[in-house]
Structure formats: structure tokens, C-alpha cells
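Chain by chain, the residues:
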Amino acid sequence: MTIPITFRPIDTWSGKLRTSRKRDRFDKPYRQILDQLDRELGHLGAKEANVLVACRENQLRNDGLLRSAAVLEHPGVVLYVPKCDEGTLRFQTDMYIDWQGNLRAIAEALEGLRTFDRHGIGKGGEQYRGYSALPPAAPIAAGEWASKLDAARWLCAQAKPGIHVHHSVVAQVVTDPAWLNSEYREAAMNAHPDRGGSDELMAKVTRARDFIRQAEGGAA
């Protein structure tokens, strides 16, 4: 793969999960699907992407992929593209009974959407508008974090540099305003220019806190 594809736990699922699913019809190995996804992301001009699945933090490998023995809460998959030629995009499906089938479906859908431009249908790129991810409320920069958990992981890393923070702590930061404020204070202290940080890092720490507070109904 040439474009970094990182697996993350799903923060929230848009809409209701299906109560019945089907077997997928895509007869392709997992590695081949990742290669297909990489190609389609390249056509979109993406620099990175996140595959969000219903896993726990300890089910992710150090290289950003999902452990083979991971047991998921449901097979739904979200593909989140923070930045590409068409903006910020989000695709999701839980049509199929396993997450691999749903990831295959998204890859196939991306290839199908690309045929619009290839055949000169539409004005160019308009087929992606229905998949645009709404930007967070200002002043949060859209696309910096795929989810509240992603932002909380980053904030905890700034608060306790060099220390592995357990996923339960990250989850607490997302759901408990007191925990969030505590991690924010530590991170802001470490990011201060007098402590070796910078104004840019201080601003990003504040954006992470505000993203967790506001994104998708976060704590106020």
C-alpha cells in the first residue's frame, strides 16, 4: 500500500444498524481488497484514510491494522477520508455479515463512483457530494481527527508523552468532562512554549479538546 490506511474503533454509527444481513458476493482476498482500496484512494487524491470498525483498542496492531483474531461488536465498516480532491468523505455500510465483506463493498463502490467521471457523466465529482463529511463547528479544523476517540488518544499522548494510555482512560476522557479537562490541562502545560512546546501545538491541544466536546454530541 502507498496510502496509509489505519484501523480505528467506530465512535458513532450514523443511522440504525441492520437487523438482517447477507453474504457478500465479492470473491477477493483481504490483501487484494486493501490494494483495491489503495488504488481508489489514490484516484481520489487522498493522503491517508481511516477504516473504522466496531473493535476495542487492544484489538489493533501496532502497524494500524486489525488483529486477525479480533471479535467485533458488529460487522459495520466506515471509511473516513480526512482530505482528498473531493474534500472530506465518509462511506459506511453494514449490508454484509462480516466486516471484510463490507470493506470490499466500499472499495467496489469507490470504483463504481469513479466511472461517472470516466464516462463523462455529470459535471465532475458531483457523485461524491452525498458522501461529504460535515465539518465540525468552527474553530475546529475538519479532518484532523476521525472521531472523538481519535482526538482523545492524541490529547492523552500530549498530556503523558512516552506513556501508553489504556483505552479505558481514552474512553473516559470522551465521556467525562472532568477527565477531559484534566487531560487538557496537562497537555496544555506540556505544549506551552516555555516548556518546549509552541503556539501551534497549544492551538492544536485546544482544538482537540473542543472537538471532543462538540463532535457528534460530545460532552459540553
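The structure presented is a predicted model; accordingly, all values stated were derived computationally and were not measured.

Conventions adopted
- Residues numbered from 1 in each chain as written.
- Predicted model: local features only at pLDDT ≥ 70, side-chain atom pairs only at ≥ 80, totals over all residues.
- Heavy atoms only, no water.
- Helix = DSSP H or I, 4+ residues; strand = E, 2+ residues; numbered from the N terminus.
- Buried < 20%, exposed > 50% of the residue type's maximum accessible area, 1.4 Å probe, protein only.
- Contact = heavy atoms within 4.5 Å.
- Pairing = 2+ DSSP bridges.
- Axes fitted to C-alpha atoms, helices over the stretch in contact; angles between N-to-C directions.
- Left-handed = near helix turned anticlockwise from the far one by under 90°.
- Nonpolar A, V, L, I, M, F, W, Y, C, P; charged D, E, K, R; others polar.
- Phe/Tyr/Trp six-rings, centres within 6.5 Å; stacked < 30°, edge-to-face > 60°.
- Lys NZ or Arg CZ within 6 Å of the ring centre and 35° of its normal.
- Patch = residues over 30% accessible without salt bridge, like charges linked within 9 Å, V, L, I, M, F, W, Y side chains within 5 Å.
- Areas by Shrake-Rupley, 256 points an atom, 1.4 Å probe, with all protein chains shown as cover.
- Salt bridge = Lys/Arg side-chain N within 4 Å of Asp/Glu carboxyl O.
- Lys, Arg positive; Asp, Glu negative; His and termini not counted.
- Charge placed at Lys NZ, Arg CZ, Asp CG, Glu CD.
- Polar contact = N/O pair within 3.5 Å; in protein donor to acceptor, adjacent residues only side chain to side chain.

Engineer: What exactly am I supposed to notice about the environment of methionine 95 here?
Structural biologist: Along the chain, methionine 95 falls in the loop between β4 (87-93) and α2 (99-118). Looking at methionine 95, the relative accessible area reads 25%, which means it is partly exposed. Taking the C-alpha atoms as reference, methionine 95 lies 8.2 Å from serine 20; in sequence the two are 75 residues apart. Contact partners of methionine 95, with chain neighbours within four places excluded, come to Arg18, Arg21, Lys22 and Asn102.

Engineer: Quick question: what am I supposed to make of the sheet that holds strand β3 (residues 77-84) here?
Structural biologist: Hydrogen bonding along the main chain pairs the strands of a sheet, whether they run parallel or antiparallel. Reading across the sheet, the 4 strands line up as β1-β2-β3-β4 and stay open at both edges, with mixed pairing between neighbours. In this open sheet, the two edge strands, each paired with only one partner strand, are β1 (5-9) and β4. Strand-to-strand twist across the sheet, computed as the mean angle between neighbouring axes with direction ignored, equals 20°. Along the sheet, α2 makes contact with β1, β2 (49-53), β3 and β4, crossing β4 at roughly 135°.

Engineer: Which parts of the structure should I look at to understand the packing of helix α1 (residues 30-44) against α2?
Structural biologist: How two helices pack is summed up by the angle between their axes together with the distance between the axes. α2 packs onto α1 with a crossing angle of 35° between their chain directions and a minimal axis gap of 9 Å. Crossing angle aside, the handedness with which α1 passes α2 is left-handed. Facing α1, whose interface residues are Tyr30, Ile33, Leu34, Gln36, Leu37, Glu40, His43 and Leu44, α2 presents Trp99, Leu103, Arg104, Ala107, Glu108, Leu110, Glu111 and Arg114. Classifying every residue of the contact of α1 with α2 gives 9 nonpolar, 2 polar and 5 charged.

Engineer: Just to check I follow, could you spell out the pairing of β4 for this structure?
Structural biologist: Successive side chains on a regular strand alternate, one facing one side of the sheet and the next facing the other. Burial runs high along β4: 5 of the 7 residues are buried. Judged from the 6 bridges that link them, β3 and β4 form a sheet pairing that is antiparallel. Bridging from a neighbouring strand, leucine 79 pairs with phenylalanine 91 of β4.

Engineer: What should I look at first to understand the packing of aromatic side chains in this one?
Structural biologist: To describe a pair of aromatic rings, one takes the distance between the centres and the angle between the planes. Evaluation of the coordinates by the stated rule reveals 5 aromatic pairs. Residues tyrosine 30 and tryptophan 99 carry aromatic rings whose centres are separated by 5.4 Å and whose planes lie at 80° to one another, so their mutual orientation is edge-to-face. Taken together, the residues span a long stretch of sequence, with tyrosine 30 in helix α1 and tryptophan 99 in helix α2 at a distance of 69 residues. Taking the relative accessible area as the measure of exposure, tyrosine 30 reaches 28% and is therefore partly exposed. On the numbers, 5.9 Å between centres and 50° between planes, the contact of tryptophan 145 with phenylalanine 211 is tilted. In this pair, tryptophan 145 sits in the loop between α2 and α3 (148-159) while phenylalanine 211 sits in helix α6 (residues 199-214), placing the two residues 66 residues apart along the sequence. On the accessibility criterion, tryptophan 145 (4% relative accessible area) is buried. By relative accessible area, phenylalanine 211 is classed as buried at 6%. Taken together, the ring pairs connect Phe7, Tyr30 and Trp99 into an aromatic cluster. Over the ring of tyrosine 184 we find arginine 209; its NZ or CZ atom is 4.2 Å from the centre of that ring.

Engineer: Before we go on, may I ask you to explain a negative patch on the surface in this structure?
Structural biologist: On the surface, Asp85, Glu86, Asp117 and Glu126 cluster together into a negatively charged patch. Residue placement: aspartate 117 occurs in helix α2. Taking the relative accessible area as the measure of exposure, aspartate 117 reaches 36% and is therefore partly exposed.

Engineer: Before we go on, may I ask you to explain the side chain of glutamine 127 in this structure?
Structural biologist: Positionally, glutamine 127 belongs in the loop between α2 and α3. According to the relative accessible area criterion, glutamine 127 is buried, its value standing at 10%. Reaching out from glutamine 127, the side chain makes a polar contact with the backbone oxygen of leucine 113 at a distance of 2.8 Å. Contacts of glutamine 127, omitting those with residues within four sequence positions, involve Leu113, Phe116 and Asp117.

Spatial relationships are all this shows, so hold off on functional conclusions.
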